[in-house]
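Take a look at the letters that make up each chain.
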Amino acid sequence: MRSKLSWIIIILGTLVMVVVMSITGKPLKTPETPSGIIALELAGNKAEVEEVLTAWGFPFFANPEGRARGFRSMAAVFGHTGAKIKAAKQNTYYDFIFILFYTALFYMLCKATVRWLNNQGHTTFLGTFLSKAVIVSAFLDVIENTGMLLSLSGNISDGSAAITFIASIIKWSIVAITILYLLIFGIYFGIYSRRK
């Protein structure tokens with residue numbers, strides 16, 4: 001009973017947070033940033049971060065050529081940034097909650113798939129590895145979010161952009177491989193075994 005309740009809470013929590021993340025991230029999808037918050041996650045240097053933030057209305061001072069210097073304006077210092085910057089911060093804060101749910105869900109699904117495969121006599125190394133890797137991806141997501149919040153507050157540098165980018169790439173890779181694993185081993189072999 002407790003196990004079923006855990007599954008229900010984790011699944012419902014993940015679904016609710018998917019909806020919340022979608023709603024709060026919608027204003028960030030602009031012609032310049034069609035992928036929304038992911039554009040900031042994958043901005044690998046200071047110039048790319050500035051381009052994303054400029055698209056979202058971050059109040060930069062401009063140099064004589066009209067290019068953003070990366071210094072915060074007084075409006076940014078006192079929190080009077082645009083609606084899109086506020087939406088980006090809100091979306092990033094919500095992501096800390098989302099991390100807890102999606103990590104727990106992937107961990108539980110990997111463990112369940114490993115148990116099922118073990119019962120079928122199949123190898124379980126990859127599933128066991130991925131159940132641990134998703135926990136690593138959660139820490140990488142926290143690093144990524146911290147880097148984005150620094151940028152959204154005007155603390156932009158090549159170093160923080162690079163760390164955010166690397167954390168994001170590794171996190172997304174782990175998530176993609178985990179989803180692929182669950183689809184192939186969890187669904188395909190599940191259907192196959194029932195046909196036997």
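Note that this is a predicted model, so its numbers are computed, not measured.

## Some details on the environment of Leu117
Part 1 of the reasoning: Considering the arrangement of structural elements, one finds Leu117 in helix H5 (residues 83-119).
Part 2 of the reasoning: By relative accessible area, which is 1% here, Leu117 ends up buried.
Part 3 of the reasoning: Considering only alpha carbons, one finds Leu117 and Gly127, 10 residues apart in sequence, at a separation of 9.2 Å.
Part 4 of the reasoning: In this structure, Leu117 is in contact with His122, Thr123, Thr124, Tyr181 and Phe185, ignoring residues within four places of it in sequence.

## As for the environment of Met148
Part 1 of the reasoning: Note on placement: Met148 falls in helix H6 (residues 125-152).
Part 2 of the reasoning: When sequence neighbours within four positions are dropped, the list of residues in contact with Met148 reads Ile37, Leu40, Glu41, Thr92 and Thr164.

## Digging into the packing of aromatic side chains
Part 1 of the reasoning: Taken as a whole and assessed by the stated rule, the structure comprises four aromatic pairs.
Part 2 of the reasoning: Note on Tyr102 and Phe106: the rings are 6.1 Å apart at their centroids and 70° apart in plane angle, and the pair reads as edge-to-face. Of this pair, Tyr102 and Phe106 both sit in helix H5, four residues apart, which is roughly one turn of that helix.
Part 3 of the reasoning: With relative accessibility at 8%, the residue Tyr102 sits in the buried group.

## Let's talk about the nonpolar core
Part 1 of the reasoning: Membership of the largest hydrophobic core comes to 19 residues, with the highest contact counts inside it found for Tyr102, Phe106 and Tyr181.
Part 2 of the reasoning: Apart from the residues lying within four places of it in its own chain, the contact partners of Tyr102 are Thr14, Ser137, Ala138, Asp141, Lys171 and Val175.
Part 3 of the reasoning: Among the nonpolar cores identified, the runner-up in size contains 17 residues, and Leu28, Val52, Phe58 and Ile156 belong to it.

## Looking at the pattern of salt bridges
Part 1 of the reasoning: In the structure shown here, the tally under the stated rule is three salt bridges.
Part 2 of the reasoning: Of the charged contacts, one joins Glu41 and Lys171 as a salt bridge, the two residues approaching to 3.9 Å between their closest N and O atoms. Remark: Lys171 occurs in helix H7 (residues 158-195) and Glu41 occurs in helix H2 (residues 37-41); sequence separation between them is 130 residues.
Part 3 of the reasoning: Take Glu41: its relative accessible area is 5%, and that puts it in the buried class.

## Remarks on the packing of H5 against H6
Part 1 of the reasoning: Relative orientation of the contacting elements H5 and H6 amounts to 175°, with a least axis distance of 9 Å. By the angle between their axes, H5 is roughly antiparallel relative to H6.
Part 2 of the reasoning: For the contact of H5 with H6, the residue count by class is 18 nonpolar, seven polar and four charged.

About the criteria used
Residues numbered from 1 in each chain as written. Predicted model: local features only at pLDDT ≥ 70, side-chain atom pairs only at ≥ 80, totals over all residues. Heavy atoms only, no water. Helix = DSSP H or I, 4+ residues; strand = E, 2+ residues; numbered from the N terminus. Buried < 20%, exposed > 50% of the residue type's maximum accessible area, 1.4 Å probe, protein only. Contact = heavy atoms within 4.5 Å. Phe/Tyr/Trp six-rings, centres within 6.5 Å; stacked < 30°, edge-to-face > 60°. Core = buried A, V, L, I, M, F, W, Y, C linked by side-chain atoms within 4.5 Å. Salt bridge = Lys/Arg side-chain N within 4 Å of Asp/Glu carboxyl O. Axes fitted to C-alpha atoms, helices over the stretch in contact; angles between N-to-C directions. Parallel < 35°, antiparallel > 145°, perpendicular 65-115°, else oblique. Nonpolar A, V, L, I, M, F, W, Y, C, P; charged D, E, K, R; others polar.

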